[in-house]
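Here are the chains, one letter per residue:
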Amino acid sequence: TPGGVSITGNRRIDGSVYGFRLGPTVRFPIGESVSVALGGGLAFAHVDSRFSFLETVTLTGVGSTTTSGRDSRNEFLVGGYVGGSVIVDWNDKWSFFAGTQFQSLGSYSHHSGAKIATVDLGQTIFVTAGIHYSF
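Now for a look at the structure at hand. (Residues numbered from 1 in each chain as written. Predicted model: local features only at pLDDT ≥ 70, side-chain atom pairs only at ≥ 80, totals over all residues. Heavy atoms only, no water.)

## Regarding a nonpolar patch on the surface
Rule in force here: For patch building, the residue pool is restricted to those with more than 30% relative accessible area and no salt bridge; the joining distance is 9 Å between like charges and 5 Å between nonpolar side chains (Val, Leu, Ile, Met, Phe, Trp, Tyr). Method for areas: the Shrake-Rupley scheme with a 1.4 Å probe, in which residue coverage is limited to the protein chains shown. The term salt bridge refers to a pairing of a side-chain nitrogen on Lys or Arg with a carboxyl oxygen on Asp or Glu at a separation within 4 Å. By definition, any uninterrupted DSSP run of H or I lasting at least four residues is a helix, any uninterrupted run of E lasting at least two residues is a strand, and each is numbered from the N terminus. Here the term buried applies to any residue with accessible area under 20% of the maximum for its type, exposed to any over 50%, and partly exposed to those in between, with areas from a 1.4 Å probe on protein chains only.
Taken together, the side chains of W90, W94, F96, I131, Y133 and F135 present a nonpolar region at the surface, about 750 Å² in accessible area. Among the elements of the structure, β5 (94–104) and β8 (124–133) are those that each provide at least two residues to the nonpolar patch. With respect to the secondary-structure elements, W94 resides in strand β5. Judged by its relative accessible area of 37%, W94 is partly exposed.

Laid out in structure tokens, this is it:
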């Protein structure tokens, strides 16, 4: 197309999120061997990310230009969590639990030059299940 502009490229963000939660849990018995646990508190995350981009802009009849960039970054996020689980005691030592937790940490943004990548950590739901042994 005469006078047309074409933009092609890619953006990539790689990283790791390490999460921690700090808060109380209260256990309520609802039967002889069944109880419910409820908890909540502060949620923390350390984000270690690498962001890169490569972009080519072509103007028909004029030419093209390519820009690229990359950056590494670390950030600490603070938010909150709430959760609940059901616990079934088999005996004095063994129990089974299953539950869920909701966590909110907001969003994480990583800039490289004029480009930006955003990861939404605002509404995360965890499902947990396991076996517990008391010493």
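That was the structure; now back to the text.
## Examining the pairing of strand β7 (residues 115–120)
For clarity, the cut-off: Any two strands are treated as partners once DSSP identifies two or more bridges connecting them.
Across six bridges, strand β6 (residues 107–112) lies against β7 in antiparallel orientation. From the neighbouring strand, S107 faces β7, where its bridge partner is D120. Between β6 and the antiparallel strand that follows it, β7, lie two residues; G113 among them carries a positive phi value of about 65°.

## Observations concerning the pattern of salt bridges
In total, this model carries four salt bridges according to the counting rule given. Residues D14 and R12 are paired through a salt bridge, measuring 2.7 Å at the closest nitrogen-oxygen approach. A relative accessible area of 30% means that D14 is categorised as partly exposed. Among the residues examined, R12 registers a relative accessible area of 51% and is labelled exposed. Residue R27 pairs with D89 through a salt bridge whose shortest N-O separation is 3.1 Å.

## Some words on the nonpolar core
Side chains of a nonpolar character, in soluble globular proteins, are inclined to be buried together. This is how it is decided: By nonpolar core is meant a set of buried Ala, Val, Leu, Ile, Met, Phe, Trp, Tyr and Cys residues that side-chain atoms within 4.5 Å join together. Only heavy atoms matter for contacts: two residues are in contact if any of them lie within 4.5 Å across the pair.
Counting eight residues, the largest nonpolar core consists of A43, A45, V47, L77, Y81, L105, Y108 and L121. At the level of secondary structure, the elements contributing two or more residues to this core comprise β3 (34–59) and β4 (63–89). It is β3 that provides the largest number of residues to this core, a total of three residues. When residues no more than four places from it in sequence are discounted, the contact partners of L105 are A43, F44, A45, L77, V78, G79, L121 and G122.

## A look at the packing of aromatic side chains
The following threshold applies: In summary, the pairing rule links any two rings of Phe, Tyr or Trp, Trp by its six-membered ring, whose centres are within 6.5 Å, and it sorts them by plane angle into stacked for under 30 degrees, edge-to-face for over 60 and tilted for everything else. To sit over a ring, a charge needs its Lys NZ or Arg CZ within 6 Å of the ring centre and within 35 degrees of the ring normal.
Counted under the stated rule, the structure contains four aromatic pairs. Here the aromatic rings of W94 and Y133 are separated by 4.7 Å at their centres, their planes lie at 55°, and the arrangement is tilted. Taken together, the residues W94 in strand β5 and Y133 in strand β8 connect sequence positions 39 residues apart. Ring geometry for Y133 and F135: centres 5.4 Å apart, planes at 90°, overall edge-to-face. It is R21 that lies over the ring of Y81; its NZ or CZ is 6.0 Å from the centre. Here the guanidinium or amino end of R21 rests over the ring plane of F126, the centre of that ring lying 4.5 Å away.

## Observations concerning the layout of surface pockets
Rules: The rule is simple: put a 1 Å grid over the protein atoms alone, call a set of points where a 1.4 Å probe fits but cannot get out a cavity, call an open set with protein on both sides within 12 Å along at least five of seven lines a pocket, and count a residue as lining if it has an atom within 4 Å of a point. Grid points are joined across faces, edges and corners, and a volume is the space filled by probe spheres set on the points. In this classification, the charged set is Asp, Glu, Lys and Arg, the nonpolar set is Ala, Val, Leu, Ile, Met, Phe, Trp, Tyr, Cys and Pro, and all remaining amino acids, among them Gly, are polar.
Counted as a void, the largest pocket has a volume near 290 Å³. What lines the largest pocket is a set of 20 residues, and nearest its centre among them are T25, A37, G84, S85 and Q101. Mapped by element, the contributors of at least two residues to the lining of the largest pocket are β1 (5–22), β2 (25–29), β3, β4, β5 and β8. Here the residues of the lining of the largest pocket are counted per class, giving six nonpolar, 12 polar and two charged.

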